Amino acid sequence: MNQIAVFSGSAHPQFADAICDNLGITRSPADTQRFSNDCLQAQLLDNCRQRDVYIVQPLVPPTQDHLMELLLMVDAARGASAASVTAVIPHYAYARSDKKDASRISIGGKLVADLLMTAGVSRVMTMTLHAPQVHGFFGVPLDHLTALGEIADYYRGTDLSNAVIVSPDFGNAKTASQLARLLGIPVAAGSKQRKADDRVVIDAIVGDVAGKRAIVLDDEIATGGSIIELVAMLEQQQVSDVSVACTHGLFTGSAVERLRDHPLIREVVATDTVPRPDDWPELQVRSVAPLFAEAIARVHAGESVSSLFDGVDPTHAPPQPKLPL
């Protein structure tokens, strides 16, 4: 590990520290200054020459500041003769902007990928992209990790009798089906129409949820609008209680109050890819820092990263042997 240098931007230094603890190294210091004209300057305060540099920075609010800080840190590492520069982005915010679904609209997911490559990244490491096709936006290797195994481990320690996995929409139904397979319980999905960034309509639920205990699985929770709308539909089906799980718990706006104070929501489970809210001590947070640390160690050693997910999710695991023809 002496040829690895791990730096952190200002978005989530605690996560970078947890990665370093699992690697048995100390986080390298960095400094970001904001000038009077609002421009940022990043400086890496450790030697990078011929070292594998990892820069940890989830894209969380203020997202644009954190993105620019990451780009400047990548540029600084490349200019300091790093052997390689890996952007470790636990939450890749612009994955939601993955397609042209309106006239004259930007595709931010591709633009941010281009910016990272122009800045000089050799590799990107991220977790649970909102849309899997974003993987193809990058012209450098991308390690796409999943928190599904960690979430499944949490629920294995709970009472799963009469439980059902529920996806808020059909787009996430495949992942929900994988969690249902890991836990050995059925799956259902909501039929969702997004009217605006913070307003959705769920007009039906496909699958048997009547009278059951629901585990709602989503990749990301921002305002919580989709979850609250889905819980309202589940309530009509006499669901006894709801547990909500997600990888990226952003909880923007009034999401904390909406979810924390809802009478039907028993608990909310998230990972630490983004900082946890200060005013929600009851939030169940599962750390995925050990998973990132193991992935970094394997990349550094030239070993398989996908084998981390054998038996968890075939989307992320190595190809399975084909049946003989």
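Structure: see above.
None of the values given here were measured: they were computed from a predicted structure.

What counts and what doesn't
- Residues numbered from 1 in each chain as written.
- Predicted model: local features only at pLDDT ≥ 70, side-chain atom pairs only at ≥ 80, totals over all residues.
- Heavy atoms only, no water.
- Salt bridge = Lys/Arg side-chain N within 4 Å of Asp/Glu carboxyl O.
- Buried < 20%, exposed > 50% of the residue type's maximum accessible area, 1.4 Å probe, protein only.
- Helix = DSSP H or I, 4+ residues; strand = E, 2+ residues; numbered from the N terminus.
- Pairing = 2+ DSSP bridges.
- Axes fitted to C-alpha atoms, helices over the stretch in contact; angles between N-to-C directions.
- Contact = heavy atoms within 4.5 Å.
- Core = buried A, V, L, I, M, F, W, Y, C linked by side-chain atoms within 4.5 Å.

### Considering the pattern of salt bridges
Part 1 of the reasoning: Applying the stated criterion to the full structure yields 16 salt bridges.
Part 2 of the reasoning: Of the charged contacts, one joins Asp 38 and Arg 34 as a salt bridge, the two residues approaching to 2.8 Å between their closest N and O atoms.
Part 3 of the reasoning: Among the residues examined, Arg 34 registers a relative accessible area of 43% and is labelled partly exposed.
Part 4 of the reasoning: In this structure, the salt-bridge partner of Asp 241 is Arg 266, at a minimum N-O distance of 3.1 Å. Placement of Asp 241 in strand β12 (residues 241-249) and of Arg 266 in strand β13 (residues 265-271) is noted, with a sequence separation of 25 residues between them.
Part 5 of the reasoning: Judged by its relative accessible area of 43%, Arg 266 is partly exposed.

### Remarks on the sheet that holds strand β7 (residues 142-145)
Part 1 of the reasoning: A sheet is described by the order of its strands in space; here five strands give the open sequence β1-β4-β5-β6-β7, paired in parallel fashion. The open sheet has two free edges, formed respectively by β1 (4-8) and β7, since each of these has just one partner strand. The sheet shows a mean angle of 15 degrees between the axes of neighbouring strands, taken without regard to direction.
Part 2 of the reasoning: Bridge analysis of strand β4 (residues 52-56) against strand β5 (residues 84-89) gives five bridges, and the strand direction is parallel. Residue pairing for β5: Tyr 54 is matched across the bridge by Thr 86.
Part 3 of the reasoning: Lying over the sheet, helix α1 (residues 13-23) contacts β1 and β4, oriented at roughly 160 degrees with respect to β1.

### What about the environment of Thr 86?
Part 1 of the reasoning: When you line up the elements, Thr 86 lands in strand β5.
Part 2 of the reasoning: The spatial distance from the C-alpha of Thr 86 to the C-alpha of Val 274 is 18 Å, given a sequence separation of 188 residues.
Part 3 of the reasoning: Apart from residues no more than four positions distant in its own chain, Thr 86 is found in contact with Val 53, Tyr 54, Ile 55, Arg 123, Val 124 and Met 125.

### Regarding the nonpolar core
Part 1 of the reasoning: Formed by 44 residues in total, the largest nonpolar core has its most connected members in Ile 19, Tyr 155, Ile 165 and Phe 292.
Part 2 of the reasoning: A per-element tally of this core places helix α8 (residues 289-301) first, with six residues.
Part 3 of the reasoning: When near neighbours in sequence (up to four residues on either side) are disregarded, Ile 19 contacts Val 56, Ala 289, Phe 292, Ala 293 and Ile 296.
Part 4 of the reasoning: Leu 71, Val 85, Val 112 and Phe 137 belong to the second-largest nonpolar core, a separate cluster that totals 33 residues.

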